[in-house]
Amino acid sequence: MKVLCITEESLFRPEAVRWRERMGLLEPLGDALVILPCSMKKPYSSSRSHSIFMNATKGIQEVILTSPFGVCPREVEKIYPIQSYDTSTTGEWSHEEIKVVGECLRDYVGEKEVIAHVEGGYKQVCEEYLDNAVYTSTGQTTSSESMNNLKMEVKKHSKLKGRAKTLHQLRSIARYQFNSKKADCLIPDDVKTRGRFDKRIFKDGKQIATLHFNNGLYSLNLEGGKILQNINKKWVKINFELKTNTLFSPGVTEADPDIIPGDEVVILKDDEAVAVGKAILSGKEMERAVKGVAVKIRHRKK
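- An unreviewed UniProt entry lists the protein under the name DUF5591 domain-containing protein, from Methanobacterium veterum.
- Checking UniProt for the protein, the heading Sequence similarities (unreviewed entry) contains the comment "Belongs to the archaeosine synthase type 1 family."

Given below as structure tokens:
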């Protein structure tokens with residue numbers, strides 16, 4: 001489903017506000033990062049410009065600037081809604097866009113060294129909100145001169161290892177989706193993945209979750225639900241024996257107020273994880289509603 005972000009008011013769409021807030025949970029990997037402009041095509045890596053950029057930035061953290069979402073680290077570019085929004089890419093930014101995106105960028109960058117490969121409004125954001133950055137573009141970001149400058153700067157920094165990048169990506173997605181740094185627990189150091197498109201996540205031979213190609217988010221298995229319970233996130237409590245694949249609102253005794261519709265949740269009975277599924281209502285709505293579906297169950301304890 002496309003997320004239309006045509007006007008400046010799109011800065012305050014719930015999806016954009018939530019994205020920017022949760023970017024505060026993510027951290028750049030390595031000693032430096034490259035800032036890049038967004039593209040009309042999504043995910044960004046499928047665009048011609050980003051294909052060119054990525055040939056020069058292999059092994060270094062990348063972050064894409066975009067309005068209204070602020071920043072998008074490369075490792076989360078396939079997550080909904082960042083992979084499905086439509087907006088203008090003229091390069092001309094309003095004062096409000098520069099402020100909102102600039103604050104998001106400044107918080108994400110922290111003390112890291114920055115290579116800014118940007119022009120227009122993107123460059124203005126960097127100049128106003130970053131104290132120190134090396135600028136590599138000379139008028140057009142994909143020109144031979146600009147790309148040569150970028151390659152030379154990237155060579156000055158240590159390259160990231162493949163395993164470290166994989167773990168960082170999987171954990172960054174988990175942090176975003178479950179709105180907590182504690183969600184790193186879903187991706188232990190010895191985690192294994194299987195699958196080319198949908199990736200199944202395993203720990204000690206047991207499947208924890210599946211990372212879906214179509215929306216870039218996890219769906220949990222019961223083992224993953226137990227981990228979610230341990231970090232006290234996205235829980236729904238009941239006091240009866242669950243025998244169907246639908247949990248109705250009257251059966252909910254309590255729910256995490258952080259739950260929003262579409263979230264992956266774990267269902268608890270007597271402090272035991274008995275099922276996992278997708279929330280249809282928010283946590284507060286689950287507690288208040290006297291009818292209707294609260295959670296669609298995917299896996300439950302038999």
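## Re helix α7 (residues 222-230)
Part 1 of the argument: Within the span of α7, buried status applies to Leu222, Gly224, Gly225, Ile227 and Leu228.
Part 2 of the argument: Looking at the buried residues of α7, the elements they touch are α6 (162-178), β10 (206-211), β11 (218-220), β15 (264-269), β16 (272-279) and β17 (293-300).
Part 3 of the argument: At the exit of α7 stands asparagine 232, carrying a positive phi of roughly 60°.

## Section: the pairing of strand β3 (residues 61-66)
Part 1 of the argument: Of all the six residues making up β3, six are buried; the element is thus mostly covered by neighbouring parts of the structure.
Part 2 of the argument: Side chains of β3 alternate between two faces, with Gln61, Val63 and Leu65 and Glu62, Ile64 and Thr66 buried alike.
Part 3 of the argument: Alignment of strand β2 (residues 32-37) against β3, held across five bridges, turns out to be parallel. Of the residues in β3, the one forming a bridge with leucine 33 is glutamine 61.
Part 4 of the argument: Both β3 and strand β4 (residues 70-73) contribute to a ladder of four bridges, which runs antiparallel. Looking across to β4, one finds that threonine 66 is bridged to glycine 70.

## Quick notes on the packing of aromatic side chains
Part 1 of the argument: One pass over the full model with this rule turns up four aromatic pairs.
Part 2 of the argument: Between phenylalanine 197 and phenylalanine 213, the ring centres sit 5.4 Å apart and the planes meet at 85°, which makes this aromatic pair edge-to-face. Of this pair, phenylalanine 197 sits in the loop between β8 (192-194) and β9 (199-203) while phenylalanine 213 sits in the loop between β10 and β11, and the two are 16 residues apart along the sequence.
Part 3 of the argument: We classify phenylalanine 213 as exposed; its relative accessible area is 51%.
Part 4 of the argument: Among the aromatic residues, those joined into a cluster by ring pairs are Trp19, Phe69 and Tyr176.
Part 5 of the argument: The ring of tryptophan 235 is capped by lysine 237, whose NZ or CZ atom sits 5.1 Å from the centre of that ring.

## Brief notes about the sheet that holds β4
Part 1 of the argument: Spatially, the five strands line up as an open sheet ordered β4-β3-β2-β6-β7, and their pairing is mixed. The sheet terminates laterally at β4 and β7 (134-135), the two strands that pair on one side only.
Part 2 of the argument: Judged from the four bridges that link them, β2 and strand β6 (residues 113-116) form a sheet pairing that is parallel. For leucine 33, the partnering residue across the bridge sits in β6 and is valine 114.

## Here's the deal with a positive patch on the surface
Part 1 of the argument: On the surface, a cluster of positive charge is made up of Lys58, Lys151, Lys155 and Lys159.
Part 2 of the argument: Residue placement: lysine 58 occurs in the loop between α2 (48-56) and β3.
Part 3 of the argument: For lysine 58, a relative accessible area of 56% translates into the label exposed.

Conventions adopted
- Residues numbered from 1 in each chain as written.
- Predicted model: local features only at pLDDT ≥ 70, side-chain atom pairs only at ≥ 80, totals over all residues.
- Heavy atoms only, no water.
- UniProt positions renumbered as here; feature names shortened; annotations may be inferred.
- Buried < 20%, exposed > 50% of the residue type's maximum accessible area, 1.4 Å probe, protein only.
- Helix = DSSP H or I, 4+ residues; strand = E, 2+ residues; numbered from the N terminus.
- Contact = heavy atoms within 4.5 Å.
- Pairing = 2+ DSSP bridges.
- Phe/Tyr/Trp six-rings, centres within 6.5 Å; stacked < 30°, edge-to-face > 60°.
- Lys NZ or Arg CZ within 6 Å of the ring centre and 35° of its normal.
- Patch = residues over 30% accessible without salt bridge, like charges linked within 9 Å, V, L, I, M, F, W, Y side chains within 5 Å.
- Areas by Shrake-Rupley, 256 points an atom, 1.4 Å probe, with all protein chains shown as cover.
- Salt bridge = Lys/Arg side-chain N within 4 Å of Asp/Glu carboxyl O.
- Lys, Arg positive; Asp, Glu negative; His and termini not counted.
- Charge placed at Lys NZ, Arg CZ, Asp CG, Glu CD.

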